[in-house]
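Coordinate inspection notes
Each chain is listed here by its residues.
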Amino acid sequence: MATKIKFSDSDFADRIDQLVNARRDTPADVDGVVAEILDDVRKRGDEALLEYTKKFDRLSLATPADMLVTGAEIEQARSSCNNATIAALEHAAARIEIYHKKQVPEGFDFTDEDGVRLGSRWTPISAAGLYVPGGTAAYPSSVLMNAIPANVAGVDRLVMVVPTPDGILNPLVLAAADIAGVKEIYRIGGAQAVAALAYGTDTIAPVDKIVGPGNAYVAAAKRRVFGTVGIDMIAGPSEILVIADSSNDPNWIAADLLSQAEHDTDAQSILICDDEVFAESVISAVDDQLDKLPRADIARESWQTHGAVIVVEKLENAIPIIDRLAAEHLELAIADADEFAKKIRNAGAIFLGRYTPEAIGDYIAGPSHVLPTSRSAKFSSGLGVPDFLKRTSIIECNVDSASKITQSAEILAEEEGLNAHALSLAIRHLKP
């Protein structure tokens with residue numbers, strides 16, 4: 001069963017430390033394989049992509065042009081989908097767009113007391129690459145959550161890559177791409193697809209930034225190409241932290257915990273509560289529900305290996321633990337959740353109240369479900385419109401304003417031993 005930690009345990013602090021510091025990293029051998037693939041694609045381009053696609057996805061493509069998913073294929077995929085599902089995707093897309101339009105930042109332009117004009121403007125990146133999992137882990141919701149913020153930001157070119165094992169393309173993924181306005185789609189995946197987006201090939205022009213979730217190979221590839229291109233984050237296994245009091249239905253909380261455990265055997269689900277009897281009820285409910293889940297084997301291994309139930313004396317005592325865990329998803333299934341949330345510093349997304357399960361954020365709430373994992377919510381945020389924008393500073397001096405600030409700049413340049421800097425200032429004869 002999952003780890004159980006009680007505040008009355010003599011080693012409570014040590015066990016919390018172990019939980020916080022437990023690593024679920026990419027194995028070293030994965031990184032070595034990825035390095036070879038990236039180098040090969042950089043050197044051989046399309047030829048390497050076709051070979052890796054045949055090797056890993058069991059898909060033989062006759063020419064590089066066959067990597068591109070055609071407009072006819074997209075249209076056929078969309079028409080093959082259930083109308084109710086298409087309507088659900090459109091509903092989600094509309095909500096995601098509304099939310100992200102609120103994120104668009106405004107620039108500013110002002111003249112300070114020295115007469116210097118200063119400003120800041122935001123411009124979109126030119127091209128974004130969207131990695132979308134394929135095969136058995138096909139998530140049309142991820143297409144919407146990655147593409148729509150980029151579209152709202154004004155990115156000119158969206159390029160989607162999606163692995164197609166045995167040539168199978170999930171029609172809902174293509175339908176979601178169509179709804180989100182993605183027209184350039186390639187049936188490639190893995191580290192080789194990340195390499196193509198970063199370095200470019202004769203068929204696939206490079207992008208400026210790569211976003212989207214993937215397996216350990218994709219994560220390792222994104223880490224290695226960072227610097228050549230931007231990336232959203234290094235996404236690890238999914239996480240949920242549920243804070244619950246005994247007024248909840250244990251079955252609800254169990255379902256919430258399993259909603260993340262079923263993603264991956266390395267996913268992590270943690271419950272913190274202030275009632276040991278309630279904790280045992282949730283553990284029992286988890287066991288009952290595991291017997292009925294289609295992905296029970298995955299969820300059970302995740303729960304037993306990485307899951308935890310923490311019983312504290314009172315919920316206020318959980319705040320430091322919450323901030324240390326810095327969970328991707330934080331559910332506050334408690335009374336006055338809003339006030340409690342104000343005390344929390346680190347979380348990818350916070351779900352307030354008993355009627356806001358994390359799963360609502362995965363699909364329909366509005367914010368992107370691409371969120372920081374592996375404790376990185378301590379220093380990073382979920383994907384949004386600003387991730388597809390660049391901020392540029394604007395500075396303008398005239399004769400009068402430059403004369404008021406140049407002398408101080410020249411002094412600082414000389415102190416740093418950068419004499420050409422000082423000359424660049426002094427040569428204009430702007431000293432007062």
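As the structure is a prediction and not an experimental result, all values here were calculated from the model. (Residues numbered from 1 in each chain as written. Predicted model: local features only at pLDDT ≥ 70, side-chain atom pairs only at ≥ 80, totals over all residues. Heavy atoms only, no water.)

Digging into the overall build of the chain
Summing up its helical and strand segments, the chain has 17 helices and 14 strands in all. Across its three principal directions, the C-alpha atoms of the chain cover 80 × 60 × 45 Å. Of all 432 residues assigned to the chain, the portion counted as buried reaches 47%. When contacts within the chain are restricted to residue pairs at least 6 apart in sequence, long-range pairs at least 24 apart make up 73% of them. Distance between charge centroids for the chain: 3 Å, based on 40 positive and 64 negative side chains. (Helix = DSSP H or I, 4+ residues; strand = E, 2+ residues; numbered from the N terminus. Buried < 20%, exposed > 50% of the residue type's maximum accessible area, 1.4 Å probe, protein only. Contact = heavy atoms within 4.5 Å. Lys, Arg positive; Asp, Glu negative; His and termini not counted. Charge placed at Lys NZ, Arg CZ, Asp CG, Glu CD.)

Regarding the pattern of salt bridges
Side chains carrying opposite charge are able to pair once their charged atoms draw close together. Under the criterion given, the structure shown has 26 salt bridges. For the salt bridge of Arg-187 with Glu-73, the shortest nitrogen-to-oxygen distance reads 2.7 Å. Highlighted residues: Arg-187 in the loop between strand 6 (184-186) and helix 8 (190-199) and Glu-73 in helix 4 (residues 71-80), separated in sequence by 114 residues. Using a relative accessible area of 11% as the deciding quantity, one classes Arg-187 as buried. Its relative accessible area of 27% is what places Glu-73 among the partly exposed residues. For Glu-90, the salt bridge is made with Arg-78, and the minimal N-O distance between the two is 2.7 Å. With Glu-90 in helix 5 (residues 83-101) and Arg-78 in helix 4, this residue pair connects regions lying 12 residues apart in the sequence. Note on Glu-90: relative accessible area 37%, which makes it partly exposed. What you see here is one network of salt bridges that share partners, running through Lys-4, Lys-6, Glu-276 and Glu-280. (Salt bridge = Lys/Arg side-chain N within 4 Å of Asp/Glu carboxyl O.)

Examining the sheet that holds strand 4 (residues 127-131)
Strand order in the open sheet formed by 5 strands is 6-5-4-7-8, with parallel pairing between adjacent strands. Single-partner strands in this sheet number two, and they are strand 6 and strand 8 (230-231). Direction of pairing for strand 4 relative to strand 5 (residues 157-161): parallel, over a ladder of 5 bridges. Looking at strand 5, one finds that Ala-127 is bridged to Arg-157. Against the sheet, helix 6 (residues 140-153) contacts strand 4, strand 5 and strand 7 (209-211), and its axis sits at roughly 165° relative to strand 5. (Pairing = 2+ DSSP bridges. Axes fitted to C-alpha atoms, helices over the stretch in contact; angles between N-to-C directions.)

Details of the pairing of strand 9 (residues 239-244)
Most of strand 9 sits out of view: 6 of its 6 residues are buried. In terms of strand pairing, strand 9 meets strand 10 (residues 268-273) through 6 bridges, oriented parallel. Across the sheet, residue Glu-239 finds its bridge partner in strand 10, namely Gln-268. Since strand 9 and strand 10 lie parallel, the crossover through helix 10 (residues 250-261) that links them has a hand, and here it is right-handed. Examined bridge by bridge, strand 9 and strand 12 (residues 329-333) share 5 bridges and lie parallel to one another. By the bridge assignment for strand 12, Ile-240 is matched with His-329. (Right-handed = clockwise from strand over helix to strand, strands pointing away.)

Comments concerning unusual backbone geometry
Even without being glycine, Asp-336 reaches a positive phi, approximately 55°. Relative to the assigned elements, Asp-336 resides in the loop between strand 12 and helix 14 (337-341). The backbone of Ser-374 sits at a positive phi, close to 55°, despite the residue not being glycine.

Points about helix 8
The buried fraction of helix 8 is high, at 9 of 10 residues. Where helix 8 is concerned, the buried positions are Gly-190, Ala-191, Gln-192, Ala-193, Val-194, Ala-195, Ala-196, Leu-197 and Ala-198. At the C-terminal side of helix 8, Gly-200 shows a positive phi close to 80°.

Regarding the environment of Asn-251
Within the secondary structure layout, Asn-251 lies in helix 10. It is 32 Å that separates the C-alpha atoms of Asn-251 and Asn-83, two residues lying 168 residues apart in sequence.

Structural notes on the packing of aromatic side chains
The final tally for this structure, using the stated rule, is 3 aromatic pairs. Seen from their ring centres, Trp-252 and Tyr-355 are 5.5 Å apart, and the 70° between their planes marks the pair as edge-to-face. A residue pair is termed long-range when its members are at least 10 positions apart, and Trp-252 in helix 10 and Tyr-355 in the loop between strand 13 (349-352) and helix 15 (358-363) qualify at 103 residues. Over the face of the ring belonging to Tyr-199 we find Arg-42, whose NZ or CZ atom lies 4.4 Å from the ring centre. (Phe/Tyr/Trp six-rings, centres within 6.5 Å; stacked < 30°, edge-to-face > 60°. Lys NZ or Arg CZ within 6 Å of the ring centre and 35° of its normal.)

Description of the packing of helix 5 against helix 6
Taken N-terminus to C-terminus, the directions of helix 5 and helix 6 make an angle of 35°; their axes are 9 Å apart at the nearest point. Crossing angle aside, the handedness with which helix 5 passes helix 6 is right-handed. Between helix 5 and helix 6, the residues in contact are Leu-89, Ala-92, Ala-93, Ile-96, Glu-97, His-100 and Lys-101 and Pro-140, Leu-144, Met-145, Ile-148, Pro-149 and Val-152, respectively. When the residues that make up the contact of helix 5 with helix 6 are grouped by side-chain class, the tally is 10 nonpolar, 1 polar and 2 charged. (Left-handed = near helix turned anticlockwise from the far one by under 90°. Nonpolar A, V, L, I, M, F, W, Y, C, P; charged D, E, K, R; others polar.)

Brief notes about helix 10
Taking 1.5 Å as the rise per residue, helix 10 with 12 residues should run 16 Å; its terminal C-alpha atoms sit 17 Å apart, in good agreement. Of the positions making up helix 10, those classed as buried are Ile-253, Ala-254, Asp-256, Leu-257, Leu-258, Ser-259, Gln-260 and Ala-261. Turning to helix 10, the residues buried within the fold contact strand 9, strand 10, helix 11 (276-290), helix 12 (296-306), strand 12 and helix 15. Measuring from the backbone nitrogen of Asn-251 back to the side-chain oxygen at the start of helix 10 gives 2.8 Å, which picks out Asp-249 as the cap. (Expected span 1.5 Å × (residues − 1). Polar contact = N/O pair within 3.5 Å; in protein donor to acceptor, adjacent residues only side chain to side chain.)

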